[in-house]
Amino acid sequence: MNNDEVDRISSLPDDALTHILSKLCTKEAVQTCVLSKRWKYTWASVPILNIKQMDFLIDDCCEEQDNNVIIGDYSGDRNEALRMSGARFDRFITGVLVKRARTCLDRVLCVRQFESDEPYASIGWLDGVALFMPLMIHMVITNGTGNSLDMPELVFTCASLQYLSISLITKVKTIIRSVSINLPYLTFLELTGVELHDDFAQNLFMGCPSLDRMKLSSCDLHFFTISSEVLKELTLTNCCLHEHMQISCPDLVSLSMVIYLKRGGISLNNMPSLVNAVIKLCQYLGDDVPVLNLFGGLSNTAKLEICLDTPMLKEQLEKDIPNCRNFDNLKKLVVGGKWNMSYDFYLITCLLKHSPNLKELGLMLDESLCLMQKPQQEVSGDVVFQHEYLETVKMYDLYGTVGELSMELVTAMMKTLDSYVKKIGNCVIF
Amino acid sequence: MADNGGKKITLKSSDGEEFEVPEVVAMESQTIRHVIEDVCAKNSIPLLNVNSKILSKVIEYCKKHVAAAEAAASKASTEEGTAAAASVTKPSDEDLKTWDAEFVKVDKGTLFNLILAANYLHIPGLLDLTCQAAADMIKGKSAKEIRKFFNLKNCISPEEEEEIRRENQWAFEEEKRTRAFDAYA
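Because the structure is predicted, anything quoted here is derived from the model rather than measured. (Residues numbered from 1 in each chain as written. Chains lettered and ligands numbered in written order. Predicted model: local features only at pLDDT ≥ 70, side-chain atom pairs only at ≥ 80, totals over all residues. Heavy atoms only, no water.)

## Thoughts on unusual backbone geometry
Link 1 in the chain: Of note in this structure, Ser218 of chain A is not a glycine but carries a positive phi near 50°.
Link 2 in the chain: Within the element layout of this structure, Ser218 of chain A appears in the loop between strand E8 (213–217) and strand E9 (220–222).
Link 3 in the chain: Overall, the relative accessible area of 29% leaves Ser218 of chain A in the partly exposed class.
Link 4 in the chain: The phi dihedral of His122 of chain B falls on the positive side, at around 55°, and the residue is not glycine.
Link 5 in the chain: Of note, His122 of chain B is situated in the loop between helix H5 (108–121) and helix H6 (124–138). (Helix = DSSP H or I, 4+ residues; strand = E, 2+ residues; numbered from the N terminus. Buried < 20%, exposed > 50% of the residue type's maximum accessible area, 1.4 Å probe, protein only.)

## Comments concerning the nonpolar core
As a rule of thumb, nonpolar side chains are buried together in soluble globular proteins.
Link 1 in the chain: Residues Trp125, Leu216, Leu221, Ile247, Leu281, Phe295 and Leu298 of chain A are the most contacted members of the largest nonpolar core, which totals 175 residues.
Link 2 in the chain: Looking at this core, the element that brings in the most residues is H6 of chain B, giving 9 residues.
Link 3 in the chain: When sequence neighbours within four positions are dropped, the list of residues in contact with Leu216 of chain A reads Leu191, Leu196, Leu221, Phe223, Thr235, Leu236, Thr237 and Cys239 of chain A. (Core = buried A, V, L, I, M, F, W, Y, C linked by side-chain atoms within 4.5 Å. Contact = heavy atoms within 4.5 Å.)

## Some details on the pattern of salt bridges
Link 1 in the chain: Summed over all chains, the structure comprises 23 salt bridges over all chains.
Link 2 in the chain: The partner of Glu388 of chain A in a salt bridge is Lys422 of chain A, and the shortest N-O contact between them spans 2.7 Å. Here Lys422 of chain A lies in strand E21 (residues 421–429) and Glu388 of chain A lies in strand E20 (residues 387–397), a separation of 34 residues in the sequence.
Link 3 in the chain: When the shortest N-O distance is used, the salt bridge between Arg166 of chain B and Glu163 of chain B registers 3.5 Å. Remark: Glu163 of chain B and Arg166 of chain B occur in helix H8 (residues 158–167); sequence separation between them is 3 residues, near one turn of the helix.
Link 4 in the chain: In the salt-bridge network here, residues are joined through shared partners; they are Asp212, Lys232 and Asp251 of chain A. (Salt bridge = Lys/Arg side-chain N within 4 Å of Asp/Glu carboxyl O.)

## Notes on the sheet that holds strand E16 (residues 292–293) of chain A
Residue and element names in this part refer to chain A.
Link 1 in the chain: Pairing is parallel in the open sheet, where 4 strands are placed in the order E10-E12-E14-E16. Among the strands making up the open sheet, the edge pair consists of strand E10 (225–227) and E16.
Link 2 in the chain: Bridging between E10 and strand E12 (residues 245–248) involves 3 bridges; their strand directions are parallel. Pairing of Ser227 across the sheet is with Ser248, part of E12. (Pairing = 2+ DSSP bridges.)

The following block contains the structure:
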């Protein structure tokens with residue numbers, strides 16, 4: 001008997017069939033309801049929602065060619081096509097939420113895009129999704145309308161959630177106001193493109209007692225403290241700080257910050273568990289002089305990278321040096337910034353002084369700045385401190401271009417290093 | 001793979017064939033793992049729902065994945081989890097993916113039997129892999145094409161089908177568009 005001639009798929013048990021359907025996007029899964037009696041309701045138990053606006057786009061370039069030639073009827077008006085696909089998305093997700101079985105969801109993935117000529121951006125269906133108690137929600141919403149997005153609130157009290165990622169790509173950042181937050185099992189939170197105020201931050205850490213990892217990208221932060229007993233990993237990427245921020249997380253193992261300081265600075269308090277830290281600070285032009293209290297919180301790190309966008313930031317960080325205790329665990333240090341490092345090695349010298357066990361030093365150099373001033377001022381004869389031994393020294397171009405560093409600069413840096421380091425194992429130039 | 005005299009166990013297929021495998025390979029199946037750990041099995045475990053052809057494929061999968069995991073673990077420990085380790089394990093991840101892709105290139109009947117076996121023996125990786133392969137066969141096909149491909153017994157009439165489409169109109173909107181074109185063509 002030929003294996004291929006029998007209807008084997010319909011005789012699979014329900015859970016196997018729903019498992020197969022869970023690998024399809026929800027639109028295709030639902031559309032199996034017409035295949036036969038067996039398939040009429042199978043889609044309704046699939047515990048996954050995978051609904052992207054693109055699924056509903058009828059694009060005249062990529063329409064399936066069955067037997068008919070299907071010509072798109074939108075005459076190249078892409079905005080119109082997107083708007084209609086958005087409307088289809090909304091009707092579809094509403095239909096699914098009404099018709100699906102009353103069983104819990106596992107994973108939810110939704111991608112929705114609002115065009116500039118749409119009057120408002122509304123994602124009310126998110127409340128409906130939250131009612132199905134999913135374990136994971138991942139949403140990407142593009143809001144081109146110019147109006148702020150209305151953020152439904154039930155998701156913040158969805159007690160089943162373990163993983164929540166909301167990306168809002170918007171002209172006007174969405175403010176997530178003080179909402180009641182109760183997510184007892186949430187271990188991962190990612191927010192992109194939002195504006196957060198202090199009330200939200202406080203509610204967040206109180207309401208998420210299991211929060212392990214948090215990522216904020218392209219956010220405007222108007223809050224004063226990040227304080228959590230349980231947080232292990234904190235990533236702030238391209239965020240703008242509008243207030244002086246105190247970070248106090250005794251369990252934090254990994255910290256990564258790429259931050260624009262608009263007002264105020266940063267204090268790292270009470271971070272005994274911190275092992276890896278990447279701190280890149282940029283500054284908005286202005287009168288504000290940010291206070292940087294970083295070294296107190298970095299003393300147990302094994303890997304540290306500091307990058308400062310302006311000489312003023314470097315000066316501010318140097319003011320923090322008295323708070324330096326020994327970095328006994330520090331094995332790898334990378335320092336970069338926009339100042340003449342061959343001439344002004346003070347910050348790095350201080351760090352070397354406090355890092356007796358350092359193996360690798362990386363320097364991220366701005367070629368143009370380093371050679372601008374008069375070439376190496378003779379290092380003062382009374383150099384008090386010399387670091388014993390560095391296994392490796394690496395030199396990078398600050399902007400990441402490989403092969404950019406001139407021989408002139410490398411020579412100048414090597415000469416400086418010679419004064420402050422007794423012995424260097426090997427030197428790698430990128 | 002280190003076959004260093006680790007404990008072996010015998011799996012017996014529904015059609016009576018016996019397969020001797022290292023215990024760690026057999027334990028890729030959560031079902032078998034429970035039998036070994038909780039029930040304290042004797043040396044031979046009968047699997048009444050899996051025939052020899054499918055069982056040998058399942059064992060092949062489990063052997064490969066146990067070996068890959070062991071290789072990755074030993075590399076990670078020697079490289080101290082540095083960046084070097086990350087770039088070394090990536091190629092073997094790719095190799096495993098390629099192997100998996102080849103593994104599911106089987107006729108539909110075998111594929112569905114593998115799904116049933118992975119389900120019954122509770123082998124999550126294999127269930128995922130085989131269900132994905134089945135889903136890939138459904139993707140992009142119209143209802144008509146799916147029915148043909150899987151030889152579905154079509155127990156609904158065109159009127160019933162029309163009824164279901166109407167009930168779930170929100171799911172078939174662009175197809176309606178397509179049909180509108182049929183009218184013009």
